[in-house]
Every structure is written in C-alpha cells, then in structure tokens.
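Summary of the model geometry
So you can see what is in the structure, the chains are spelled out below.
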Amino acid sequence: MSDPIRTAGNLQGYAVLVTGGGTGIGEGCAAALAADGAAVTICGRRQEVLDEAAERIAAAALFGGSVQVATGDVTVEEDIVAIVEKSMEPTGKLNGCVANAGGGGMLFGYEDMDVEEFQRVMNLNVLGTMLCIKHTLPHMIAAGGGSFIGMSSLAGHVTHPWFGAYPVSKAGIEAMIRNAADENGPHNVRFNAIRPGFVATETMDMIPRDSEVYASYIVNTPLGDVAQPGDIGHLARFLVSEEARWITGQCINVDGGHSLRRGPDFSSFKG
C-alpha cells in the first residue's frame, strides 16, 4: 500500500517548469503548483509579461511554494537547454514539466493553406513539446521519476473545421505523449496530456460573447459555460503530484463535456 497523501502541500520540495507560464492556462497551472508548495519556473518570450504573472503567482504560493522566470523560445533548442537548467536552480533537480507553450494560426481550408503558417504552428506546438521532453526527461530520470504534461486541446480529437495546423499539431502532441509514456514507464517518469476546451483567456477574447461562434461553444457544452485557467491548473497540479502515481499515457478532457458533442463553428471567421 502506498504512503498516505497529504491534502495540502503535496508538492513541497518539487521543482516544476511551466512553459508559456506568463498568461492564461500556463499561469493557471503555475499558480496551482505554487499553491501546493512547488518551486515553479515559468518561461516565455516577454520578460514584462512573465514578471507581472510571477507577482500574481507568488501571492498565491503556499507551503513554501515559489516562482521564478526565464525568457526564451520553446522552438529554439539552446533556449530550452538554458530554461531547463534555470528550473533546477531552486532545488538542484527537476520533478515535472507542463509543456503549455503553443498556439493556433490563421483560419484556412486545406485548399488555401499557407505552408509557412502551417509549419509555424507545427513547430510551435509539436517541435516545442518535443524539445521540452528531450531536455527535461534526463533530469526527471535522475530525480528518480517525474511527471510531464503536454497541453493538447479539444481540437486534438474533435474536428475543428478551418483550424488548419492546430488540430493536427495537438493530435501530434497526444501521439508523442503516449509513446513517451510507454518508453519511460521503467524510469518512473509519467507522461499525460490535458485537453482543454474553451478557456476564458486573453487568446479567446477574440471571440465576442454575443457571437454565433461563442454560442456554438455553449450549446455544445453540457455544463453550459466556459472554463477558467484554474480549472486546467487543478488537473496539472494533480498529475504532477504523487496522487497521480498510477496515471500515465492518458489524454484527459477538461471541457465541461464539450467532447460529447461537436466542435465549434468558426465559419463566420473564415475569409
């Protein structure tokens, strides 16, 4: 029988990297981790955004949790190497990584697809996640185990017409997570993916709340609302913790039940 799990402060002594941690889902994940005692490193490309997020995360930290920032681009291998090294400074080890940095692109049908834009999204989401795995995995193995979380999407398994590279890239992340989980079970390093639906972040502010697009999300979501970043953060915190020691290779929906129905209708946004 495993040791009892504490109800709070489970991540004291843990060091966790959160990419794209300066806004939205990434900040929500970092805040949840720090509130449970983790030493969190958030990274992104904009120093001022990271600094502002770090103040908010530090204010929510408990049980010795902390936050530091590192700037860099997840698609640049040298940047990832430096970011990972910095994430180990608080404790001398690395216990987890939330590979959240990513994004979408312009809306195209495949007959009109812009190749450069397609490749940009694939690099950001798939290559960026791969580089995070490549450079965090050895340190988690050295720590005796760890937890890697890839950020997928509802779009990774429910069709999102006109979304171009985005659904393809998220499905690619899921395939990578499953393979990595299979390969690294013997090292006690777990790999899982989170599949958010609509989350109320600055990225989604582009969708007017009185629009047909927004209505198409709500009507297809059994819980009849949209998520907050903390809803994703709570699952990330759980997956990093020892509470999730027997969970690996899974892609978990946090979408209010949206995946039970159909994807959103962005036809009005398509040029």
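Please refer to the structure placed before this passage.
Predicted model only: the values in this text are computed from it and were never measured.

Among the nonpolar cores identified, the biggest contains 31 residues, and Val18, Cys29, Leu33, Val40, Ile42, Ile194 and Ile232 are the most heavily contacted of them. Where this core is concerned, the elements lending two or more residues are strand S1 (15-19), helix H1 (24-35), strand S2 (39-44), helix H2 (47-60), strand S5 (146-151) and helix H7 (229-240). Residues within four places of Val18 in sequence aside, it is in contact with Gly26, Cys29, Ala30, Leu33, Val40, Thr41, Ile42, Cys43 and Val98. Core analysis: the second largest hydrophobic core is formed by 28 residues, Ile80, Val84, Leu124 and Cys132 among them.

A few words on helix H3 (residues 77-87). Of all the residues in H3, the buried ones are Ile80, Ile83, Val84 and Ser87. What you see down the axis of H3 is that its buried residues fit within an arc of 100°, all on one side. Here the buried face of H3 lies against S1, S2, strand S3 (66-71) and helix H4 (115-142).

This part covers the packing of H1 against H2. For the pair H1 and H2, interaxial distance at closest approach is 8 Å and the crossing angle is 30°. With respect to H2, the axis of H1 lies roughly parallel. As for how H1 packs across H2, the hand of that crossing is right-handed. Every residue of H2 that contacts H1 at Glu27, Ala30, Ala31, Ala34 and Ala35 is listed here: Ala53, Arg56, Ile57 and Ala60. Class assignment for the residues of the contact of H1 with H2 results in seven nonpolar, no polar and two charged.

Before going further, it helps to spend a moment on the pattern of salt bridges. Side-chain pairs of opposite charge can arise where the charged atoms are in close proximity. With the rule as written, the count across this model stands at ten salt bridges. Between Asp205 and Arg209 there is a salt bridge, with the nearest N and O atoms lying 4.0 Å from each other. The class of Arg209 is partly exposed, set by a relative accessible area of 38%. Note that Arg237 and Glu243 form a salt bridge whose closest N and O atoms lie 2.9 Å from each other. Its relative accessible area of 32% is what places Glu243 among the partly exposed residues. Through salt bridges with shared partners, a single ionic network connects Asp36, Arg237 and Glu243.

Before going further, it helps to examine the environment of Gly109. Position of Gly109 among the secondary structure elements: in the loop between strand S4 (96-99) and H4. By relative accessible area, which is 4% here, Gly109 ends up buried. On a C-alpha basis, the gap between Gly109 and Trp162 in space is 5.1 Å, while along the polypeptide they are 53 residues apart.

With that out of the way, let us pick up empty space enclosed by the protein. Under the criterion given, the structure shown has two cavities of 30 Å³ or more. What the largest cavity holds in volume is close to 50 Å³. Along the walls of the largest cavity sit Gly105, Met106, Phe108, Met113, Glu117, Phe118, Val121, Phe163, Gly164, Ala165 and Tyr166, which together make up its complete lining. Looking at the lining of the largest cavity element by element, the count peaks at three residues for H4. A per-class count over the lining of the largest cavity returns eight nonpolar, two polar and one charged. Lining of the second largest cavity is provided by Thr19, Val74, Ala99, Asn100, Ala101, Leu124, Gly128, Thr129 and Cys132.

Scoring rules and cut-offs
- Residues numbered from 1 in each chain as written.
- Predicted model: local features only at pLDDT ≥ 70, side-chain atom pairs only at ≥ 80, totals over all residues.
- Heavy atoms only, no water.
- Core = buried A, V, L, I, M, F, W, Y, C linked by side-chain atoms within 4.5 Å.
- Buried < 20%, exposed > 50% of the residue type's maximum accessible area, 1.4 Å probe, protein only.
- Helix = DSSP H or I, 4+ residues; strand = E, 2+ residues; numbered from the N terminus.
- Contact = heavy atoms within 4.5 Å.
- Arc of directions from axis to C-beta.
- Axes fitted to C-alpha atoms, helices over the stretch in contact; angles between N-to-C directions.
- Parallel < 35°, antiparallel > 145°, perpendicular 65-115°, else oblique.
- Left-handed = near helix turned anticlockwise from the far one by under 90°.
- Nonpolar A, V, L, I, M, F, W, Y, C, P; charged D, E, K, R; others polar.
- Salt bridge = Lys/Arg side-chain N within 4 Å of Asp/Glu carboxyl O.
- 1 Å grid on protein atoms, 1.4 Å probe; cavity = no way out; pocket = protein on both sides within 12 Å on 5 of 7 lines; lining within 4 Å.
- Points joined across faces, edges and corners; volume = space filled by probe spheres on them.

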